[in-house]
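These are the residues of each chain, in order.
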Amino acid sequence: MPQILVDHSAELDFDRAALAAEVHQAITEAIDTTVADCKTLFRPAGGYHVGDGASGEALVLVEVKILAGRSTEQRADLTARVLAAVRARIGRPAAVAVQVTELDRDTYRIVHHSGH
């Protein structure tokens, strides 16, 4: 179920598959889920601005969406693990933020659509 959205400066050069694998593994260590249930979407952004732009930093914003019901400690642990994984993969100065968002179990749905 976990959905991982990684918005990042388009010019960042990093191994997306390796980052996804590491984040998926970190999620399974922090909450009760499997790697097979994790889904990551990378969204390169050509337009971004950090502060006044003088630092030249790139930008990486990660949102991890999980079903509600995990403790604050579990969510904080997950945030720390994902942040460490991203920092290890980014080889240039960047502002990096990670947010864990809870989805309502009563209203969230996912299907694996086979097409027509």
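Everything that follows concerns the structure shown earlier in this document.
Being a predicted model, the structure only gives us computed values, none of them experimental.

K.L.:
Looking at this structure, how should I read the pairing of strand β4 (residues 94–103)?
P.N.:
Judged from the ten bridges that link them, strand β3 (residues 58–67) and β4 form a sheet pairing that is parallel. Its bridge partner lying in β4, I66 is registered against E102. On the question of chirality, the crossover connecting β3 to the parallel β4 by way of helix α2 (residues 72–89) is right-handed.

K.L.:
I'm lost on the nonpolar core in this one. Help?
P.N.:
Nonpolar side chains in soluble globular proteins tend to end up buried together. I4, I27, V62, V64, L78 and V82 are the most contacted members of the largest nonpolar core, which totals 22 residues. Sorting the residues of this core by element identifies β1 (3–9), α1 (16–30), β3, α2 and β4 as the ones contributing at least two each. Ranked by the residues each element gives to this core, the list is headed by β3, at five residues. Those residues within four positions of L78 in sequence are excluded, and the remaining contacts are A26, I27, A30, V64, I66 and V100.

K.L.:
Any chance you could explain α1 here in plain terms?
P.N.:
Given 3.6 residues per turn, any residue in an α-helix points the same way as the ones three and four places further on. An ideal rise of 1.5 Å per residue puts 21 Å on 15 residues; α1 measures up with 21 Å between its terminal C-alpha atoms. Taken residue by residue, α1 has A18, L19, A20, V23, H24, A26, I27 and A30 as its buried positions. Buried residues belonging to α1 abut β1, β2 (39–45), β3 and α2. Sitting at the amino-terminal end of α1 is D15, which places a side-chain oxygen 3.2 Å from the backbone nitrogen of A17.

K.L.:
Help me understand the sheet that holds β3, please; the structure alone is not making it clear to me.
P.N.:
Where strands meet in a sheet, backbone hydrogen bonds hold them as pairs that are either parallel or antiparallel. With respect to topology, four strands assemble into an open sheet ordered β2-β1-β3-β4, the strand pairing being mixed. With partners counted over all chains shown, the strands left at the sheet margins are β2 and β4, one partner each. Taken pair by pair, the neighbouring strands of this sheet meet at an average axis angle of 15 degrees, ignoring direction. Bridge count for β1 against β3 is six bridges, and the pairing is antiparallel. Bridge pairing links I4 to V64 in β3. Packed on one face of the sheet, α1 meets β1, β2 and β3 and runs near 135 degrees to β2. Contacts from α2 reach β3 and β4 within the one sheet, and its direction differs from that of β4 by about 145 degrees.

What counts, and where the lines are drawn
Residues numbered from 1 in each chain as written. Predicted model: local features only at pLDDT ≥ 70, side-chain atom pairs only at ≥ 80, totals over all residues. Heavy atoms only, no water. Pairing = 2+ DSSP bridges. Helix = DSSP H or I, 4+ residues; strand = E, 2+ residues; numbered from the N terminus. Right-handed = clockwise from strand over helix to strand, strands pointing away. Core = buried A, V, L, I, M, F, W, Y, C linked by side-chain atoms within 4.5 Å. Buried < 20%, exposed > 50% of the residue type's maximum accessible area, 1.4 Å probe, protein only. Contact = heavy atoms within 4.5 Å. Expected span 1.5 Å × (residues − 1). Polar contact = N/O pair within 3.5 Å; in protein donor to acceptor, adjacent residues only side chain to side chain. Axes fitted to C-alpha atoms, helices over the stretch in contact; angles between N-to-C directions.

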